Amino acid sequence: MASFPELQPSARVLLGPGPSNVHPRVMKAMLSPVVGHLDPDFVSVMEDIKKLLRMVFQTSNEITFPVSGTGSAGMETALANLIEDGDEVVVGVNGAFGERLADAAGRLGAKVHRVEAPWGQIVETERLESALRAASHPKLVAVVHAETSTGVYQPVEELGELAHRYGALLVLDAVTSLGCVPVEIDRWQIDACYSCTQKGIGAPPGLAPVTFSERAMETVRARKQKCRSWYFDVAMIERYWGPDRLYHHTAPISMNYAIYEALRIVVEEGLEARFKRHAANAAALQAGIQAMGLALAAQPGYRLPQLTAVQVPDGIDDAKVRADLLRMFNLEIGAGLGIFKGKVWRIGLMGESSRRENVMLALNALETVLAAQGMEIARGAALVAADNSYTRAA
Ligand SMILES: *Cc1c(COP(=O)(O)O)cnc(C)c1O
C-alpha cells in the first residue's frame, strides 16, 4: 500500500505577491473549535467581522462582509451584481489584474471599453474621463488600486466623483492595497470594492472582503435580470450575513476565525501606524535595490510600498535566482506575470511580511545570489542605502 507522509511544508519568508506571512495569533485562532454556522458564538463573530471590516475599509456601508473565496471571488461578486447584459463598462488596463477585470466584465455580458496604459504606468484620469464621455450610458468604471503585476500605485481619490458625474459607479480592486495603504471607501466615493485575506491583512488565502455603497445597492435592487451568479448574489448573501440569518451557503468557519483575528491585529496596530510601517520598509527596499544597480519597473512617483517590481538584469537567469533565494535563504519572491514574465521579479512587503529584518534579508540574499551569477555588484551598498533610508525616516 502506498504511504503518504505527514505534511511538512517549510516555514518560508514570504516576500512574493501573496500569500504573505501569517501572524501566529491568526494560526492559533484557526485552531478554535468549529461550531455550527448559525451557532450564536459564530453569529457574534460574524457581526464583529463586519464591524472590523468597516473600520479597515473606512466606510459606514451596511453591506460589508467577507465573501467565501479568494480575491477573485470578490471581483466576481462586485461585477456580477452590478453588470447586466449589454451594460457599458470602462476598465483601466495597465497590467494583469486590469486584464482580469476586463475579461470578467466581458464574460458577464458587459460591453467593455478598455482604457489601456503601458505596463508600469498609471492609467491617466483624463483618459478614463474620455472613455466615460464616449460611452452612451456607462454603468461603471473599474480600476485596480495596486497593480500587483507591475508595482504601480493607481491614483483613485478623484475617480468616484468623476464616475458619478457621468452617471456611473466606481468599482475598485483593492486586493493588494487593503491593510497596506489607505483605502477610504466613503471619502473617495467608491461604490464597490473587493480585497483578499492573504496580502495586506495577514491571514491565509480564502476570503474576499467586499463592500457596496448605498448607491451600488440601489443598482443591485433595480436589476431587471437576476444576478448571473447564484453563489455571489449579494442580495442573497446579505440575508445570511444580515439579521435574517437565512442559510445560503456554509460560511468557512475557520477562515472567518482567521480574518477576525487578523483584522483585530490591524486595528490594534492602527491604520496610520500600519501605513507608515509599509512606507518605511518599502523606501528602504527600493533604495537598496537601486543602490545595487537594479531598475524598478513602475514609473517614479507611483510606486507601491507593498509590492516592488524589479527588472531582471540582462544575462541573469530569472528562475535560477528565485530558486537560489528559496534554497539558500528560505525566501520566496514572485516571478513576472503576462508580458512581464521573465522580465521582472516581484518583491512583496505586505502585512506581517513588511518588516525591517525582511528588507535586510532580501537585499543581502539578492546581492549574494546575483554576485554568484557573475553580476558586478558593490557588495554591501544595498544594505547601507537601506540603513540610511531608515535613519532618514526615524
Ligand atoms: C492577487 C490579486 C487578485 C486575485 O486575488 P486571488 O486571491 O489570487 O484570487 C486580484 N487583483 C489583484 C490586484 C491582485 O493582486
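Treat the numbers as computed from the prediction; the structure is a model and nothing was measured.

## Concerning the site of the ligand
And step 1. What surrounds the ligand is a group of 13 residues, the closest being T70, S72, T148, T176 and K199.
And step 2. Here an oxygen atom of the ligand sits 2.6 Å away from a polar atom, N or O, in the side chain of S72.
And step 3. Between an oxygen atom of the ligand and a side-chain N or O atom of Q198, the distance comes to 2.8 Å.
And step 4. Against a free-state accessible area of 380 Å², the protein chains account for coverage of 88% of the ligand.
And step 5. Those elements that place two or more of their residues in the shell around the ligand are α3 (71–82) and α4 (96–107).
And step 6. Grouping the amino acids of the shell around the ligand by side-chain chemistry returns 4 nonpolar, 6 polar and 3 charged.

## A word on the packing of aromatic side chains
Both the distance between ring centres and the angle between the ring planes are used here to describe each pair of aromatic rings.
And step 1. Using the criterion set out here, one finds 4 aromatic pairs in the structure.
And step 2. Here F65 and W241 contribute two aromatic rings whose centre-to-centre distance is 6.1 Å and whose plane-to-plane angle is 15°, an arrangement assigned as stacked. Taken together, the positions of F65 in strand β2 (residues 63–68) and W241 in helix α8 (residues 234–241) put the pair 176 residues apart, joining distant regions of the chain.
And step 3. On the basis of relative accessible area, W241 is assigned to the buried category, the value being 2%.
And step 4. On the basis of an interplanar angle of 70° and a centroid distance of 5.2 Å, the ring pair of W119 and F340 is categorised as edge-to-face. Here W119 is found in the loop between β4 (111–116) and α5 (125–134), whereas its partner F340 is found in the loop between β12 (331–335) and β13 (344–348), with 221 residues between them in sequence.
And step 5. Owing to a relative accessible area of 19%, W119 belongs among the buried residues under this scheme.
And step 6. Assessed through its relative accessible area of 13%, F340 is described here as buried.
And step 7. Over the ring of F97 we find K199; its NZ or CZ atom is 5.5 Å from the centre of that ring.
And step 8. Above the plane of the ring of Y390 lies R356, whose end atom (NZ or CZ) is 4.1 Å from the centre.

Calculation notes
Residues numbered from 1 in each chain as written. Predicted model: local features only at pLDDT ≥ 70, side-chain atom pairs only at ≥ 80, totals over all residues. Heavy atoms only, no water. Near = heavy atom within 4 Å. Polar contact = N/O pair within 3.5 Å; in protein donor to acceptor, adjacent residues only side chain to side chain. Areas by Shrake-Rupley, 256 points an atom, 1.4 Å probe, with all protein chains shown as cover. Helix = DSSP H or I, 4+ residues; strand = E, 2+ residues; numbered from the N terminus. Nonpolar A, V, L, I, M, F, W, Y, C, P; charged D, E, K, R; others polar. Phe/Tyr/Trp six-rings, centres within 6.5 Å; stacked < 30°, edge-to-face > 60°. Buried < 20%, exposed > 50% of the residue type's maximum accessible area, 1.4 Å probe, protein only. Lys NZ or Arg CZ within 6 Å of the ring centre and 35° of its normal.

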